[in-house]
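As a plain string of letters, each chain reads:
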Amino acid sequence: MKPNLVNKVKEVIANALRNISPDRKYQTILELLSKNGEMYGLDIIEQSKGFLKMGSVYVYLARLEKKCLIISRLEHLENKTEGQKPRRLYKLTDFGEIYLISNPGRQYANNKF
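Every value quoted in this text rests on a predicted model; they were computed, and no experiment measured them. (Residues numbered from 1 in each chain as written. Predicted model: local features only at pLDDT ≥ 70, side-chain atom pairs only at ≥ 80, totals over all residues. Heavy atoms only, no water.)

Some words on helix α4 (residues 54-66)
Relative to the 18 Å expected for 13 residues at 1.5 Å per residue, α4 spans 19 Å between its end C-alpha atoms, a close match to the ideal helical length. Those residues of α4 that sit buried are S56, V57, Y60, L61 and L64. Taken end-on, α4 shows its buried residues confined to a sector of 145 degrees, consistent with a single buried face. Those residues of α4 that are exposed and angled more than 90 degrees off the buried face are G55 and K66. For α4, the elements touching its buried residues are α2 (24-36), α3 (41-47), β2 (70-74) and β3 (88-92). Backbone geometry just after α4 places C68 at a positive phi near 65 degrees. (Helix = DSSP H or I, 4+ residues; strand = E, 2+ residues; numbered from the N terminus. Expected span 1.5 Å × (residues − 1). Buried < 20%, exposed > 50% of the residue type's maximum accessible area, 1.4 Å probe, protein only. Arc of directions from axis to C-beta. Contact = heavy atoms within 4.5 Å.)

Structure, rendered in structure tokens:
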């Protein structure tokens, strides 16, 4: 890579990771997505064993997506019934993986998933 491009990539990563809260709830979501791959919001709540709540998990997911640490997509419904809406799936991005790797002090070893 050219030096200017390397510096630009480093700048983009630094901006994406700037001001990420060390809040354990953000970290828990990132760790669950890293461990399990693509997940629904309800699965994230269930896997957290009561730590994450329905009322707040989607706020955290939206903030993580805004920071480019996760991405989401709507599920594809094969046999859609009337009124059934597609659910959203969440997945860790490469930036999210970099965040987890580059912030080992923020990982919580006591999570029991």
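What about the sheet that holds β2?
Strands sit in the order β1-β3-β2 across an open sheet of three strands; the sheet is antiparallel. One side of each edge strand has no neighbouring strand; the edge strands of this open sheet are β1 (39-40) and β2. Bridge count between β1 and β3: two bridges; the pairing is antiparallel. Bridge pairing in β3 links Y40 to L89. Each of β1, β2 and β3 touches α2; the most contacted strand, β3, lies at about 90 degrees to it. (Pairing = 2+ DSSP bridges. Axes fitted to C-alpha atoms, helices over the stretch in contact; angles between N-to-C directions.)

A closer look at the packing of α2 against helix α5 (residues 94-102)
α5 packs onto α2 with a crossing angle of 115 degrees between their chain directions and a minimal axis gap of 10 Å. Relative to α5, α2 is oriented roughly perpendicular. Judged by the twist between their axes, the crossing of α2 over α5 is left-handed. Where α2 approaches α5, its residues Q27, L30, E31 and S34 are matched on the opposing element by E97, Y99 and L100. Tallied by class, residues from the contact of α2 with α5 come to three nonpolar, two polar and two charged. (Parallel < 35°, antiparallel > 145°, perpendicular 65-115°, else oblique. Left-handed = near helix turned anticlockwise from the far one by under 90°. Nonpolar A, V, L, I, M, F, W, Y, C, P; charged D, E, K, R; others polar.)

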